[in-house]
Amino acid sequence: MRVVATAGHVDHGKSALVRALTGVEPDRWEEERRRGLTIDLGFAGTTLPSGEQISFVDVPGHERFLGNMLAGLGPAPVVLFVVAVDEGWQAQSGDHRDAVAALGIQHGLIVLTKADLARPDGPDALAQARRELAGTALADAPAIRVSARTGEGLDDLRTALDTLLASLPAPDDSAPVRLWVDRAFAIRGAGCVITGTLPDGTLRVGDTLDLLDAHGRPRSVQVRGLQRENRDVDQLHGTSRAAVNLRGVDATAVHRGDVLLTPGAFDLTRLVDVRGVGSEDLTRVPSEVSVHAGTAAVTARLRPLDARHARLTLERPLPLRVGDRLVLRGTAGRAVLGGLEVLDVDPPELRRRGAAARRAEELEVREHGGDVLAEVRRRGAVEEAVLQRRGLHIPDPLPAGLRRLDGLLVDEEALGAWARTLQRIVTERTAADPLWEGLAPREARTALDLPTPALLDAVIDVSGVRRVDGRLRSASVPTGLGPAEASVARLEERLRATPFAAPEAEDLTALRLGPRELAAAERQGRLLRLPDGVVLLPTAPALAMRELAALPQPFTTSQARQALGTTRRVAIPLLEHLDGRGWTRRLDGTLREVVR
């Protein structure tokens, strides 16, 4: 299915055209039919000669209902721009042209209606339309002359629609769902039903989705049923009109402008940087504006950065992505002020003097679809999933200067800067305190202000810093232990003479060697600490194995103690250390043997 919206001045025959093409009355309200004036959105579908199914969204043309018109036009990819031949181009024709241009709708047809009312002295409606549409995507659109009353040109219009729709790119069925709600109502026995235009993605019965309300609060809902053109279906693909029966929400709690989302697929934002579309000077736009996105209309504060770029602060968060198109209106006026293209949904703060001008210069070179290199460089590192949620295309291969690390995109310059900072911190701390045990990873992440904890391993890898016993220390082994150097040297000399005569606690106290000094010496590979306060040289295990291998196998703890010429206080922790290394093996409660 394809979705096509109408556009054009009031009373130019948009609803009559849809009625003639589909046989369905698009005006849903009794008041609309009584007054002959479309007030709200209307919907009708038909099948084209090719077999292509098409659904029309009929929009009101009167200026008082411009907000309703934008809600219908916003999600639609194709437009029928209607101009009556008996009246030609009119005031709201211009409003609708501006809306189509603001929304970036690229595909459409010019439909010259009321052909049966044409007069020889009447306006040249086509020439007027071509002139007024110059500079827009519809400037060279095919034009078809029709009469809804007599049927003139309707077959030509159907053929032109078939040709146009066949040339459109196929929607992405794998894209996340973002369905802007245009209606919500209750059906007895079924509950809440919402309708909207599904541009991309797939909806399935049983899906669990998020429904974002007018306060920016997501609510988990389940798809109970789906309809397309009043027929039950198990799934729907873009682009199509969708009626979605939801479980988990009351119809009175859902309104136009709410949006149905794939959970976790969109970031919600209240702050966006945008580029003006068209010639509107954003420095002349009021600071308080109304912004239309999808079917939503929200009040926003606009801060110009220059004539083409601005920052919007929205009154409530919306699921916007880079490349989205917004329509800008004044809060008091009815006219369209212009269109906006979203460039950044997570912009930097503007604090310093001149920051706005510098930001405008950065945005000036942004291409449509965003700049991955700029986004990553600004933050140092970003998860790929975050960039995808924000609508940025990640090129393959990556731009020069970026590196992919376990789901992260990292700026190599930032990685080098973090690594140098980490190396400096560790080196300075080690030089200031030779007994320092090293930097805890949590301290390192805080000191470096890393955007994500997962980045620390990559920083360590290129920094020259090593991880020892869960701490970060300099890769180069420092020489000396400061004030403890002389005492450790004396202890080393003593243990070289009697390798298994571990010092007693009072001996260590006399040498002024406490836990901190001993740990530092062990980190430098000068001492070995065993349980129960036993301190030996690192060579002690190998020397012990030489003696134990000479014993009859297996041997007892007592025999080992005698062979080593030491006490049980030393022998037992030393034997357990050898067991742990796999050099000896315990056979039972009393016997061990050397593992050969």
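For the structure itself, consult the block above.
Residues numbered from 1 in each chain as written. Predicted model: local features only at pLDDT ≥ 70, side-chain atom pairs only at ≥ 80, totals over all residues. Heavy atoms only, no water.

1. Some thoughts on the overall build of the protein
The number of helices and strands found in the protein is 18 helices and 31 strands. The globule rule puts the C-alpha radius of gyration for 596 residues at 25 Å, and the 37 Å found for the protein is more than 25% above it. Reported as C-alpha extents along the three principal axes, the dimensions of the protein are approximately 125 × 55 × 40 Å. For the protein, the computed accessible surface area is about 27,400 Å², with 47% contributed by carbon and sulfur atoms. For the protein, the centre of its 79 positive side-chain charges and the centre of its 82 negative side-chain charges are spaced 5 Å apart. (Helix = DSSP H or I, 4+ residues; strand = E, 2+ residues; numbered from the N terminus. Rg over C-alpha atoms; globule rule 2.2 N^0.38 Å. Areas by Shrake-Rupley, 256 points an atom, 1.4 Å probe, with all protein chains shown as cover. Lys, Arg positive; Asp, Glu negative; His and termini not counted. Charge placed at Lys NZ, Arg CZ, Asp CG, Glu CD.)

2. So, the nonpolar core
Within the largest apolar cluster, 33 residues are counted, with the highest numbers of intra-cluster contacts made by Leu-491, Leu-513, Leu-527, Leu-536, Leu-548, Phe-555 and Leu-574. Those elements that provide at least two residues to this core are helix H13 (485-497), helix H15 (515-523), strand S27 (528-530), strand S28 (534-536), helix H16 (540-549), helix H17 (557-564) and helix H18 (568-581). In this structure, Leu-548 is in contact with Gln-553, Phe-555, Ala-560, Leu-575, Leu-578, Thr-584 and Val-594, ignoring residues within four places of it in sequence. Membership of the second largest hydrophobic core comes to 30 residues, among which are Val-3, Ala-71, Ile-105 and Ala-125. (Core = buried A, V, L, I, M, F, W, Y, C linked by side-chain atoms within 4.5 Å. Buried < 20%, exposed > 50% of the residue type's maximum accessible area, 1.4 Å probe, protein only. Contact = heavy atoms within 4.5 Å.)

3. Focus on the layout of surface pockets
The calculated volume of the largest pocket comes to roughly 1,400 Å³. Going through the elements one at a time, strand S7 (178-187) and strand S20 (325-330) are the ones with two or more residues in the lining of the largest pocket. Split into classes, the residues belonging to the lining of the largest pocket amount to 19 nonpolar, 11 polar and seven charged. (1 Å grid on protein atoms, 1.4 Å probe; cavity = no way out; pocket = protein on both sides within 12 Å on 5 of 7 lines; lining within 4 Å. Points joined across faces, edges and corners; volume = space filled by probe spheres on them. Nonpolar A, V, L, I, M, F, W, Y, C, P; charged D, E, K, R; others polar.)

4. A word on the sheet that holds strand S29 (residues 555-556)
Ordered in space as S29-S31-S30, the three strands form an open sheet in which the pairing is antiparallel. Where the open sheet ends on each side, the last strands, each with one partner, are S29 and strand S30 (584-586). Both S30 and strand S31 (residues 591-594) contribute to a ladder of three bridges, which runs antiparallel. For Arg-585, the partnering residue across the bridge sits in S31 and is Glu-593. Against the sheet, H16 makes contact with S29, S30 and S31, and its axis sits at roughly 105° relative to S31, the strand it touches most. (Pairing = 2+ DSSP bridges. Axes fitted to C-alpha atoms, helices over the stretch in contact; angles between N-to-C directions.)

5. Section: the environment of Thr-430
Note on placement: Thr-430 falls in helix H10 (residues 412-432). With a relative accessible area of 16%, Thr-430 lands in the buried category. Separated by 43 residues in the primary sequence, Thr-430 and Arg-473 place their C-alpha atoms 7.9 Å from one another.

So, to be careful, I would describe these as geometric facts and stop short of saying anything about function.
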